[in-house]
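Single-letter residue listing:
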Amino acid sequence: MLPAVAVAAVVAVAAAVAVAVAVATAVPALRHRLVRSALRRAGGRYRRRLEALGSDVRLRQERRLRRLLGTGTGTAGGSEEFQERHPLGQPCRDEAPGDSIPPLRLWALLPGCWDSDPRLQGSLLYLDALGAAFPRALTRRGTALLHWTPGCPRAPAGWPLPTLYCTPAAAGTLPSRAAALRVQLLFALRQRALHVLETGLAAELHDALVALRTEWSQLAQELALGRLSPQPGLPEEVRDQLQALLTPDAARAAELRAECARGFEGILLRLWPQLEVVVVRTVHGAERLYCNSLCQADCQGLPFYCPFYQAAGALLGVNLWPAEPVPRFLLCPDWAFCEFLPCLASKEPRTVLLDELWEGREYGLVVTAQPGEYRCRTGEVLKVTGFHMQWCPVVEPVRRESQTLSVRGESIPEEQFCQSLCRTLRMWPGARLIDYVCVESSLLGDLSGPSAPHYEVFMELQGLRDLSEGQRYKLDQCLQEDFPIYKSFRFKGSIGPLRLHLVRPGTFAQLREALGSPKPMPRVLHEEQLLRLVQGSVIS
């Protein structure tokens, strides 16, 4: 009998252990599904509220203004008195790198409890829109994050549902941008069943994939051994903390070696066959260059979704249409008090409000988003592309005024300069543009020589190691053809010929590291320290 009793006891213990393991495994997944369901219901409620606003857009803006001013929630005579008391302000401070991750309390999802928190409202709308367009996108641990947030973790797009992410928060907080992106890439490679790849800037994804191209053999070895190699910018204590999360995976390492050996065109879908979408926090302005490059090579076949429009550190709009190739943003009246300067108006135009915009027109954006920071000029120009449900404006960012080239008042916008540059590239057989930046000669000081004011352009090219003087002049020629006022100044000698320099590979990754925080790449440099870094990398 004793052996039978002993066997029964062993079986009972084994069954209990199996049940405990199953429960322990199931509880996190169940919790994820329950929280995801609650978040999506709350996001759906807020979207229906937005769609039912009607003529309440002005009322919502007045209420938001009064909250910012600390004068209650009345509606009488707010914005006109505010504009009289506060003249248009100076340009906004530099955009903050993002908000720290706030705790989510489930009671905040109840109707009426989250009216004044744009971060929560924006993320709820994002999760609802993403889940509707890509049904598997909200899978537990199905999202990898590539975003450098030095010092402390910053809130990702889906922060109310942290179980979405398979990337440890500590990986993004490293002091070195290159080290942070490489470690995050390694953790993304561990997870074959990714559905979403999220990045703060397209440049971050670009640089992470450059690391994949150059270090795939070493990354595969680290996957196989479950070890994180020492590297500059990765403190030993953080390395030990992250390495504890790794386990050897020889099969995944072999798959990585096999796919990288085949080349890198379409590599994302080959490494992550279930990947549905790339989420990028910013795809306009300077980031378009990286998006276009990625879509043509590494990210072939994948849609890019930019969920938010932010300016001067404030969340202002949300993209409710993830499947559309060109991002457009619904400006939410509850998030900030917005004013708009018509671009073709007189020298002293009157600002118009959110419910006074016209479709097809361009406006400079003026924002009041923080107490004490009133009527700040963001330097962003928006184009109104339509109205959602006939009332809420839908906009597309057009350009950044701070990135306009002008040495004699000629004003060449960022996106139009880029178009002229791309037209020039087609005249250089075999050349592919990696990156570029411009400088006005006034920043050069004595180094600019005795010549007239001019532009200097620093470029990283693939396929060409040098350019003839005739090839270099093509860019100046294209600018003259595209901008008659520039041609006039060049003819008079008031503006000197453009000077073009080639820099060594990796220069712009170093420049992004030197910026010190995750922000869109400047196309016109205004800081001598950054200029010296680029000048030190000139090879031709």
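All values reported here derive from a predicted model rather than from experimental measurement.

Criteria and cut-off values
- Residues numbered from 1 in each chain as written.
- Predicted model: local features only at pLDDT ≥ 70, side-chain atom pairs only at ≥ 80, totals over all residues.
- Heavy atoms only, no water.
- Helix = DSSP H or I, 4+ residues; strand = E, 2+ residues; numbered from the N terminus.
- Buried < 20%, exposed > 50% of the residue type's maximum accessible area, 1.4 Å probe, protein only.
- Contact = heavy atoms within 4.5 Å.
- Areas by Shrake-Rupley, 256 points an atom, 1.4 Å probe, with all protein chains shown as cover.
- Core = buried A, V, L, I, M, F, W, Y, C linked by side-chain atoms within 4.5 Å.
- Axes fitted to C-alpha atoms, helices over the stretch in contact; angles between N-to-C directions.
- Parallel < 35°, antiparallel > 145°, perpendicular 65-115°, else oblique.
- Left-handed = near helix turned anticlockwise from the far one by under 90°.
- Nonpolar A, V, L, I, M, F, W, Y, C, P; charged D, E, K, R; others polar.
- Pairing = 2+ DSSP bridges.
- Salt bridge = Lys/Arg side-chain N within 4 Å of Asp/Glu carboxyl O.
- Expected span 1.5 Å × (residues − 1).
- Bend = angle between axes of the 7 residues up to and from the residue.

A. Representation of the overall build of the chain in the model. Scanning the chain for helices and strands turns up 15 helices and 15 strands. A burial count over the chain gives 51% of its 540 residues as buried. Taking the intrachain contacts of the chain between residues at least 6 apart in sequence as the baseline, contacts between residues at least 24 apart amount to 69%. As displayed, the chain has an accessible area near 24300 Å², and 55% of this comes from carbon and sulfur atoms.

B. The nonpolar core, seen in detail. Leu212, Leu268, Leu316 and Phe340 are the most contacted members of the largest nonpolar core, which has 122 residues in total. By residue number, the principal contributor to this core is helix H6 (residues 202-225), which donates nine residues. If near-sequence neighbours (up to four positions away) are discounted, Leu268 is found in contact with Leu197, Leu209, Leu275, Val278, Asp298, Cys299 and Leu302. Core analysis: the next-biggest nonpolar cluster, separate from the first, contains 28 residues, Val407, Ile412, Phe417 and Leu467 among them.

C. Highlighting the packing of H6 against helix H10 (residues 287-296). Two elements in contact, H6 and H10, have axes whose closest approach is 8 Å; the angle formed by their N-to-C orientations is 45°. The pairing of H6 with H10 is recorded here as oblique in orientation. Crossing angle aside, the handedness with which H6 passes H10 is left-handed. When H6 is examined against H10, the residues Ala202, Ala203, Leu205, His206 and Leu209 are found in contact with a partner set consisting of Glu287, Tyr290, Cys291 and Leu294. Residue classes in the contact of H6 with H10 are distributed as seven nonpolar, one polar and one charged.

D. Broad picture of the sheet that holds strand S13 (residues 432-440). Pairing in this open sheet of three strands is mixed, and the strands run S13-S14-S15 from one edge to the other. With partners counted over all chains shown, the strands left at the sheet margins are S13 and strand S15 (499-502), one partner each. On average, each strand axis in the sheet is inclined to that of its neighbour by 25°, with strand direction left out of account. The sheet contact formed by strand S14 (residues 455-462) and S15 spans four bridges and is parallel. Looking at the pairing, Val457 lines up with Leu500 of S15. Helix H11 (residues 414-425) contacts S13 and S14 of the sheet and is inclined by roughly 130° relative to S13.

E. How the structure looks around the side chain of Asp128. Tracing the chain through its elements places Asp128 in helix H4 (residues 118-133). Residue Asp128 is classed as buried on the basis of its relative accessible area of 12%. When neighbours within four sequence positions are excluded, Asp128 is seen to be in contact with Arg40, Gly43, Gly44 and Arg47.

F. The arrangement of the pattern of salt bridges in detail. One pass over the full model with this rule turns up 30 salt bridges. Asp355 is the partner of Arg58 in a salt bridge, and the nearest nitrogen-oxygen pair spans 3.1 Å. Of this pair, Arg58 sits in helix H2 (residues 57-69) while Asp355 sits in the loop between strand S9 (352-353) and strand S10 (362-368), and the two are 297 residues apart along the sequence. One salt-bridge network, in which partners are shared between bridges, spans Arg177, Asp207, Asp435, Arg512 and Arg523.

G. Structural context of H6. Here H6 is 24 residues long, yet its end C-alpha atoms lie only 30 Å apart, well below the 34 Å a rise of 1.5 Å per residue gives. Roughly 85° is the biggest bend found in H6, and it falls at Glu215. One or two positions beyond H6, positive phi appears at Gly226, with a value near 70°.

H. Examining the environment of Cys306 more closely. By the element assignment, Cys306 lies in the loop between strand S4 (304-305) and strand S5 (308-311). Taking the C-alpha atoms as reference, Cys306 lies 8.6 Å from Val318; in sequence the two are 12 residues apart. With near-sequence residues (within four places) excluded, Cys306 lies in contact with Val280, Arg281, Thr282, Val283, Asn319, Pro327 and Phe329.

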